[in-house]
Each structure stands twice: as structure tokens, then as C-alpha cells.
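# Notes for the structure review
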Amino acid sequence: MNKMDTCLRRYDNNGLLLIRSNAKKQGYKFTNFMNKQLRIIPLGGLGEIGKNMTVLEYGRNQIIIDCGVMFPENDMYGIDLVLPNFDYVIENQDTLRGIVLTHGHMDHIGGLPYLLKRVKTTIYGTPLTLGMAERQLEEANVRQNAKLKTVKDKGSIQLGPIKIHFFPVAHSIPGSVGLVIDTPAGIVVHTGDYKLDETPAGGRTTDLKRLKHLTQKGVLALLADSTNADRPGRTPTEQVVADTLDELFAEADGRIIIATFSSVLARLQAIMDLAVKHGRKVALTGRSLQENVALARELGYMKVADKVLVDIKSRIPDDKLIILSTGSQGEPRSALNRMAKGEHRQINIHEGDTIIVSGGTIPGNEEDVGRMLNRLFERGANVVYGRLATVHVSGHGSREEMRIMLETVKPRYFIPVHGESRHQHLHARLAAETGFVADETFILQNGAVWASDGEKAQQTASVPAEDVYVDGRLVGEIGEAVMKDRQRLSQDGFIVVYVPVNGRSKLVGEPQIISRGFVHMQESSDLIDLARKELKRQLQRKGRKNDPKETVRHTLQNFFYRETQSRPVILSNIVRV
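About the thresholds
- Residues numbered from 1 in each chain as written.
- Predicted model: local features only at pLDDT ≥ 70, side-chain atom pairs only at ≥ 80, totals over all residues.
- Heavy atoms only, no water.
- Helix = DSSP H or I, 4+ residues; strand = E, 2+ residues; numbered from the N terminus.
- Buried < 20%, exposed > 50% of the residue type's maximum accessible area, 1.4 Å probe, protein only.
- Polar contact = N/O pair within 3.5 Å; in protein donor to acceptor, adjacent residues only side chain to side chain.
- Contact = heavy atoms within 4.5 Å.
- Pairing = 2+ DSSP bridges.
- Axes fitted to C-alpha atoms, helices over the stretch in contact; angles between N-to-C directions.
- Parallel < 35°, antiparallel > 145°, perpendicular 65-115°, else oblique.
- Left-handed = near helix turned anticlockwise from the far one by under 90°.
- Nonpolar A, V, L, I, M, F, W, Y, C, P; charged D, E, K, R; others polar.
- Salt bridge = Lys/Arg side-chain N within 4 Å of Asp/Glu carboxyl O.
- Phe/Tyr/Trp six-rings, centres within 6.5 Å; stacked < 30°, edge-to-face > 60°.
- Core = buried A, V, L, I, M, F, W, Y, C linked by side-chain atoms within 4.5 Å.
- Patch = residues over 30% accessible without salt bridge, like charges linked within 9 Å, V, L, I, M, F, W, Y side chains within 5 Å.
- Areas by Shrake-Rupley, 256 points an atom, 1.4 Å probe, with all protein chains shown as cover.
- pLDDT = per-residue confidence, 0-100.
- Lys, Arg positive; Asp, Glu negative; His and termini not counted.

### Thoughts on unusual backbone geometry
Backbone phi values are negative for most residues with the exception of glycine, while trans is the configuration of most peptide bonds. Residue Lys51 is not a glycine yet carries a positive backbone phi of 40°. Tracing the chain through its elements places Lys51 in the loop between strand 1 (38-44) and strand 2 (53-58). Looking at Lys51, the relative accessible area reads 0%, which means it is buried. Phi is positive for Lys410, which is not a glycine, with a value near 50°. For Lys410, the location among the structural elements is in the loop between helix 13 (399-409) and strand 19 (411-417).

### Brief notes about the side chain of Asn292
Along the chain, Asn292 falls in helix 10 (residues 287-298). At 3.0 Å, the side chain of Asn292 forms a polar contact with the backbone oxygen of Ser262. When neighbours within four sequence positions are excluded, Asn292 is seen to be in contact with Met132, Arg135, Ser262, Ser263 and Leu265.

### Quick notes on the sheet that holds strand 10 (residues 177-183)
In spatial order, the strands read 8-9-10-11-12-19; together these six strands make up an open sheet with mixed pairing. At either end of the open sheet lies a strand with only one pairing partner, and these are strand 8 (156-159) and strand 19. For this sheet the average axis-to-axis angle between neighbouring strands, irrespective of direction, equals 20°. Strands in contact with helix 13 are strand 11 (186-190), strand 12 (219-225) and strand 19; relative to strand 12, the strand with the most contacts, it is inclined by about 165°. Helix 14 (residues 421-433) contacts strand 12 and strand 19 of the sheet and is inclined by roughly 155° relative to strand 19.

### Things to note about the packing of helix 16 (residues 525-539) against helix 17 (residues 548-564)
Where helix 16 contacts helix 17, the two axes come as close as 10 Å, and the packing angle between them is 140°. The pairing of helix 16 with helix 17 is recorded here as oblique in orientation. Crossing of helix 16 over helix 17 shows right-handed handedness. Residues Leu527, Leu530, Ala531, Glu534, Leu535, Gln538 and Leu539 of helix 16 pack against Pro548, Thr551, Val552, Thr555, Leu556, Phe559, Phe560, Glu563 and Thr564 of helix 17. Considering only residue class, the contact of helix 16 with helix 17 consists of ten nonpolar, four polar and two charged.

### Some details on helix 13
For helix 13, every residue scored as buried is listed here: Arg399, Glu401, Met402, Met405, Leu406, Thr408 and Val409. In the core, the buried residues of helix 13 are packed alongside strand 11, helix 7 (208-214), strand 12, strand 19 and helix 14. Immediately downstream of helix 13, the backbone of Lys410 shows phi near 50°, a positive value.

### Here's the deal with the pattern of salt bridges
Close approach of charged atoms lets side chains of opposite charge pair. Following the criterion strictly, the structure yields 28 salt bridges and no others. Residues Arg403 and Glu400 are paired through a salt bridge, measuring 2.2 Å at the closest nitrogen-oxygen approach. Within this pair, Arg403 and its partner Glu400 are both found in helix 13, separated by three residues, close to a single helical turn. Judged by relative accessible area, which is 25%, Arg403 ranks as partly exposed.

### Some words on the pairing of strand 19
The buried fraction of strand 19 is high, at six of seven residues. Strand direction decides the pairing type here: strand 12 and strand 19, joined by six bridges, are parallel. Its bridge partner being in strand 19, Leu223 is matched across the sheet by Ile415.

### Some thoughts on the sheet that holds strand 14 (residues 281-285)
With parallel pairing, the six strands of this open sheet are ordered in space as 15-14-16-13-17-18. For this open sheet the edge positions go to strand 15 (309-310) and strand 18 (382-384), each flanked by a neighbour on one side alone. Pairing between strand 14 and strand 16 (residues 321-325): five bridges, direction parallel. Counterpart to Ala283 in the pairing with strand 16 is Ile323. Running over the sheet, helix 10 touches strand 14, strand 15 and strand 16 and is turned about 125° from strand 14.

### Some words on the packing of aromatic side chains
For the structure shown, the criterion picks out six aromatic pairs. Arranged with centres 6.0 Å apart and planes meeting at 85°, the rings of Phe442 and Trp450 form a pair that is edge-to-face. Neither residue differs from the other here; Phe442 and Trp450 are each classed as buried. Ring centres of Phe518 and Phe560 lie 5.1 Å apart, and the angle between their planes is 75°; this geometry places the pair in the edge-to-face category. Taken as a pair, Phe518 in the loop between strand 25 (512-516) and helix 16 and Phe560 in helix 17 lie far apart in primary sequence, 42 residues in all.

### Considerations on the nonpolar core
Ranked by size, the top nonpolar core spans 63 residues in total, and within it Leu112, Leu115, Leu116, Ile123, Phe249, Leu324 and Ile356 carry the most contacts. Every residue in contact with Ile356, bar those within four places of it in the chain, is listed here: Leu245, Leu248, Phe249, Ile256, Ile257, Ile258, Ala259, Val384 and Val391. Judged by nonpolar contacts, the second largest core, of 31 residues, contains Ile181, Leu220, Val417 and Phe442.

### Some thoughts on a nonpolar patch on the surface
Together, Tyr498, Val508, Val575 and Val577 make up a nonpolar patch on the protein surface, roughly 350 Å² of accessible area in all. With respect to the helices and strands, Tyr498 occurs in strand 24 (residues 494-501).

### Notes on the confidence of the model for the chain
Taken over all residues, the pLDDT of the chain has a mean of 88, while the share at 70 or more is 92%. Here residues 1-35 is modelled with pLDDT under 50, and outside its nearest four sequence neighbours on either side it reaches 37 contacts, counting other chains as well.

### A word on the side chain of Asp66
Secondary-structure assignment places Asp66 in the loop between strand 3 (61-65) and strand 4 (81-83). Despite its burial, Asp66 pairs with no opposite charge; the closest candidate is Arg204, at 13 Å N-O. In terms of polar contacts, Asp66 uses its side chain to reach the side chain of His108, at 2.7 Å. With near-sequence residues (within four places) excluded, Asp66 lies in contact with Asn52, Met53, Thr54, Val100, Leu101, Thr102, His103 and His108.

Below, the structure is given as C-alpha cells:
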């Protein structure tokens, strides 16, 4: 191995500055190898809330920040989850140095089982984050494809020429971190999800002092959470929720049922503490809630005495019991929704129950939540939710906190992330108010490639980043065409047609027409009879050259639209007899 080979190898391990010094001493000139660009490629989380995933590259070194899922919107019929497109990562997996996780929410870790079915790599995160990720991998039987390496929230790791420093942030789940990424082209700050809460549950604030220390030499680019860019001021402190719950607990004469996100462990700890204060036991219902509490207790993130927790089947007087439940979003199979429908095996809602929905409604879930609340009221419960009391606050900072983050980091370039398009644009406007010019702010879309040599920056060609749908065991096999068909089925239903033909494709019997989700067969028998007559007339028309399937589809689509102004999906079955 010659001296230059040694020099290049030391570059890979230790970064550009060390190589520049060594190469200069030994009289070497820099080649194009040394003139690599930093590339930032968001694969998810831009223009949407969820499936957060960002690729950062320098030369032949790639790291991934988070790998989340997005839950389906109301018009994504039959879809369980939405994933980022992993194609770019798969094609370049030989350069992948590892996955770095900012925290353990599903929109940041839920995609890991699907990615790890196709690659093997190392995953870095704080203990709770890794614990939640490991459970996901084990359930998917891909744990063997990942090395899990725990990091401290004020620690550092080296991945090729890229060094990553962690700093603690306040969020709705313990163990959340932001990232200061030191690359040969410059420093990139990724805030993760954060708020500047001075009295957070658990007492863990965003460490701006450490962030300032790590960025004192300057920051090339800031990738910052945009979720609450349309909310003025500061996000209320989590302590407000604890104070409200304290008052509600004191007023409740009967059983208390609280529905919240299973991952807001800091709030769950506050509820446990209040249960002790008010002399109540706590029962958990919902698998994810039980597993998260058990993991948090095991790792020391939650401190709950064994005597406080009871089995849901235990005979505890109503005025001595708190039930913690999932279902704040009205999910059909969640524990609280099953209670609202009277379908929960252990819990029947009755008069005297106080039900607290301690979770902000995610956009798109309003109708489901509204129906659930109505059913709970109809069963006689006293239901308390966000419009009636401060029983939930966001885990994301609002505009004033975003301004403070911008002024703390003072980046050369700014990239709003983690938000819908309006959030990104409002965050960019806020940056302009603090002195950023348009050329220094990049509003990217998923798949866009942001590149910089450390001085100039530009958006270059994009990579594939369309949504990947999960429907049961089908991953990526449901495309836009199928989704459009499902939307049509949901709106106008479908018609199944059985047509008997002979070997020459001539009609030899009566076509059978069956309606599902379009019109009721008995109540619309006249319409079905007319459709059958029209179909027979077209199939028996002399000189017909069309394939029978095409004739059936074209005839019935035109007929039903003419008669009803609806377009049911036509499913034809040509039976040769």
C-alpha cells in the first residue's frame, strides 16, 4: 500500500480536515476524490405528516435519519400503512453506514421492519428508541438483519467521514434527540421533533446550550421541524396538562378512563403520579400501551410501583380506578372505540364514568373521533376532550420556538422539513422575517436532491419517492390504478356480469347482472332488466367485432351513467359453453 492509499483510507475514517493536513505535508495534490458534494435527499416527511426519512450522502458514504410510516388518509381504502420508497437506498446499500433514529414514534421508526427485509445495517438510537425499534423488528422476524447500537443523548458516533453529535430535545416521548452532523462539506443540524418546553413532563428540556457549543464554528444547513408553523407564540407546556388532569381527577366521583397515544410516555408517567396522589389504581388496556409501559419501566424511563398497576379484570371500586386506553384517534379497532360501541370484553361504559380524550386529533381523523365521542356521550359518560379542557398539548414547537431555533443555529441554508406544504412555506416565511433571503431557503419535496460543496447549494435531479402502500401482506403491489378503482368502488359500487357465449363468442343464453354497492337488486329490478336488454341487444348486433368483455364494459358503463349519472365498476365474466 503506497502513501496515497494510506492517506485516502485515513480520509474515510477520520474526515476531510485530517486528510487535507496529511496530504499537504506529504506534497500530494487533491483530486476529484476530495471534491465530493454533500447531498441531502428527503424520502418522506415533506408535504405530509408522517413517514419521515432523510438520506444524507457524502461520496460513497450514506446515512439514513429515521425511517417512519404514515397512517392512511380517509380515501386510501383498504390501506394499512404508507411507506417511503426505499429504491434509492436499496440500489446504493453498499454505501450505507447506518440508520440514526431521533426518537421512537411510529412516524420515525415504523418503516424499519420493511426496510430491514431488504438491507442489513446498524441502527443507532437512545435506549428507549432502540427498545421500541427492536420490538418492531422482532415482530417482523428481521431482527437478525440489524445491529443495534445504543447512543447517549449527549454522545457522538463516527460513520465514515461523518461525525454525528446528539443533543437532547423535549418532545412527547423520552429519549428524543436532535442531530449535529459534522461532514467534510460543513455542519448540518437536524432538529428532530422538538419543543422548547421549560417545564416538560420528565424534566428534560431541549439543550440549546449544547447545540450552541456544537455549532459555534458555523452551520451549513438546518433541517427543522415545521409541524406547528401555523401556530403563533409558544406551544403550551406539558405541565398545563398535568394541572388540568389533577383538577379532573379531584372532581371525578366514579371511574376515570383516559385515552391517549401509547407512546407519550412522559404524560403516562404524570398520570401514574396523579393516580398515586388521588389514591387510585391504574389498569392498562391496549397491546401497544401495555408493551410501551413495560419497556419504559424496564429501561428506567418510567417509575411506577407494582402496587399501582392492576389487571383490567381486577375488582376495583370505580372511585379507586383509572383505566389507561388507546384510541384517542377513534381508530376502529382501538380499545376506546370498542368501549363506545359496547364491544369491549372487559369494560362497559356507564353513567358516572369520566372519559378524558388526551390526544390532539390528527387531520383526517375528525369524523372518526366525532362519531366515537357521540357514542360515549350516548352511554351516559362525562366526556372531556380538547375543546372543553387542556387535556393535550402538542409535542412540537410553535412559531416563536421555531424563531428561537433559527436564531440559535444561524445556518447558511435552511430546509423546512416534517410538515405539510403549508407548514413548510410558513416556516420559510418565518425564516425570511429573521433575515433569510429566498436563495438561502429550500422548500423541497420528497425525492428532491439538495447538494452543496460547502459554499454554494442547489437542488439537483430527484430520486423516486412516491408513496408505497401496505395492504396486509401486500407491500408496494397496490398502485395508483388500484387506488382509483377502490375510490370508484367506494363511490358507485360495482356490477358483476356473467355472459354465456359459444366458441364463436356469440351469446347463447341470458346475461346475469349482479349489483353490489350500486343499487339494491330487488328495489331496482326494472333498471337491471333494462340493462340486461340493452346488453343483449349490443351482444347480438350483427357485424359486432369487439371482444365480448369490451362490449359488456362499454355498454353497461354508458347505460348506467345515462340512467343514473353514476359510474359503477363493471366486472365481466365471459363463460364459454
